[in-house]
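So the chains spell out like this:
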Protein chains: 2
Amino acid sequence: EGRPLPATPVAARLAFLAEADRLKSVLRATPVLKGARRENSAEHSWHIALHALVLHDLAAPGVDRDRIIAMLLLHDLVEIDAGDTPIHAGVDAAAQAAREAAAAERLFGLLPAKQGAALHALWQEFEAAETADAVFAKSIDRVQPLFLNLASGGGSWRDYEVTLAQLEHRVGSKIARGSPALWAFVRARVAPWFAA
Amino acid sequence: EGRPLPATPVAARLAFLAEADRLKSVLRATPVLKGARRENSAEHSWHIALHALVLHDLAAPGVDRDRIIAMLLLHDLVEIDAGDTPIHAGVDAAAQAAREAAAAERLFGLLPAKQGAALHALWQEFEAAETADAVFAKSIDRVQPLFLNLASGGGSWRDYEVTLAQLEHRVGSKIARGSPALWAFVRARVAPWFAA
Ligand SMILES: [Ca+2]
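A quick note: this is a predicted structure, and the numbers were derived from the prediction, not measured. (Residues numbered from 1 in each chain as written. Chains lettered and ligands numbered in written order. Predicted model: local features only at pLDDT ≥ 70, side-chain atom pairs only at ≥ 80, totals over all residues. Heavy atoms only, no water.)

Visitor: Whenever I open this one, unusual backbone geometry confuses me. Can you help?
Guide: Backbone phi values are negative for most residues with the exception of glycine, while trans is the configuration of most peptide bonds. Residues and elements named next belong to chain B. Here Leu33, not a glycine, exhibits a phi torsion of approximately 55°, which is positive. Checked against the element boundaries, Leu33 lands in the loop between strand S1 (27-32) and strand S2 (37-40). Residue Leu33 is classed as buried on the basis of its relative accessible area of 18%. Of note, the phi angle at Glu161 is positive, near 50°, even though the residue is not glycine. Since its relative accessible area comes to 67%, Glu161 is described here as exposed. (Helix = DSSP H or I, 4+ residues; strand = E, 2+ residues; numbered from the N terminus. Buried < 20%, exposed > 50% of the residue type's maximum accessible area, 1.4 Å probe, protein only.)

The following block contains the structure:
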């Protein structure tokens, strides 16, 4: 019937969770609900975690579904301080990475030290995109906006005048790294929009 | 390198994920961002999955963090068809349960049969609130709105004129079932609002 409170202070964890509420106000370039409004990063994070739950068997063998879901739940928290950077907007990647690193320091620093370090490391693993888990998590993060753009008649592709070649380069290559089969499937669905 | 596409049709899974986008328009009674607007069920689902990631060690021993997170990612999908039912609004619970059961049939039925059955069973386990995993998942689902209400000066407690005794009965008892320690901690934080 429930353990006694562990040594790690609960108050610090609740402060972190309260701060996370702010991710609900970070707006992304991608429309939701067939274009009715822009998506926020909190609901995006939920949607891609659900994608991972449903699509994880398209990853390379050995990928850990639950580590990927944990990564995806955390991956955008830094946007509370650093904002969202639309992939097609051409922002300065190094400056953005520095802002995000500082944000991660602050946000994971709200947690008790040991827990904060573990979640900070998981976020860094996602960002580095070197392990198989991180590579597939990045695929999932990239594939969800494509369907939202399709459902809304172009979405951020239209706003940023994206070509299929640019999409292949900026997005497709990253999806294919995690799952060539998934990118082949998705490419066949998005290519007609660019041809039209 | 990624596996070849498995026998389960990817298209059916993507149809399910596209339908899930609609959870972003289901509004709850609870305010977010210190009262700036009402929360939607998609961002709520993300926030409670993050709560489970951070608070899981307050559960009874043997509870499986990752099963709980999967439950929480799915638990509100039925609201796409059945709507949200504010806990303090006094709706007909049997009629609502029937609407939600029909919604679960339809939504999990969008998936390939085997995957749909597994996720449907996980949702049913959450609803039944009998296993240790489901009981703790319900605790987490109930505890997050309390903090949002506190942060917004009362939130849905004010709208529905809730008393501390009602909160104990409708919410506290369910949180305490999953973690008496968590409810003791949270109760000490919310009680002053009702005394004021
Ligand atoms: Ca992002």
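This is not the end of the story, as more comes after the structure.
Visitor: Hey, could you run me through the interface of chain B and chain A in this one?
Guide: For interface size, the figure often reported is the accessible area lost on association. With 63 residues of chain B in contact, the opposing surface of chain A contributes 63 residues. Overall, the association of chain B and chain A removes approximately 5,000 Å² of surface from exposure, summing both partners, and the carbon and sulfur fraction of that is 69%. Where chain B touches chain A, the interface holds four salt bridges. Between A:Glu39 and B:Lys24 there is a salt bridge, with the nearest N and O atoms lying 2.8 Å from each other. Summed over the shared surface of chain B and chain A, the number is 20 residue pairs in polar contact (both at pLDDT 80 or more). Listing elements by their share of the side of chain B that touches chain A, those giving two or more residues are helix H1 (10-20), S2, helix H2 (41-55), helix H3 (65-74), helix H6 (113-128), helix H7 (132-151), helix H9 (164-178) and helix H10 (180-195) of chain B. Among the elements that make up the side of chain B that touches chain A, the one with the highest residue count is H2(B) (eleven residues). The residue inventory of the side of chain B that touches chain A, partitioned by class, reads 36 nonpolar, twelve polar and 15 charged. (Contact = heavy atoms within 4.5 Å. Buried area = accessible area lost by both parts, 1.4 Å probe. Salt bridge = Lys/Arg side-chain N within 4 Å of Asp/Glu carboxyl O. Polar contact = N/O pair within 3.5 Å; in protein donor to acceptor, adjacent residues only side chain to side chain. Nonpolar A, V, L, I, M, F, W, Y, C, P; charged D, E, K, R; others polar.)

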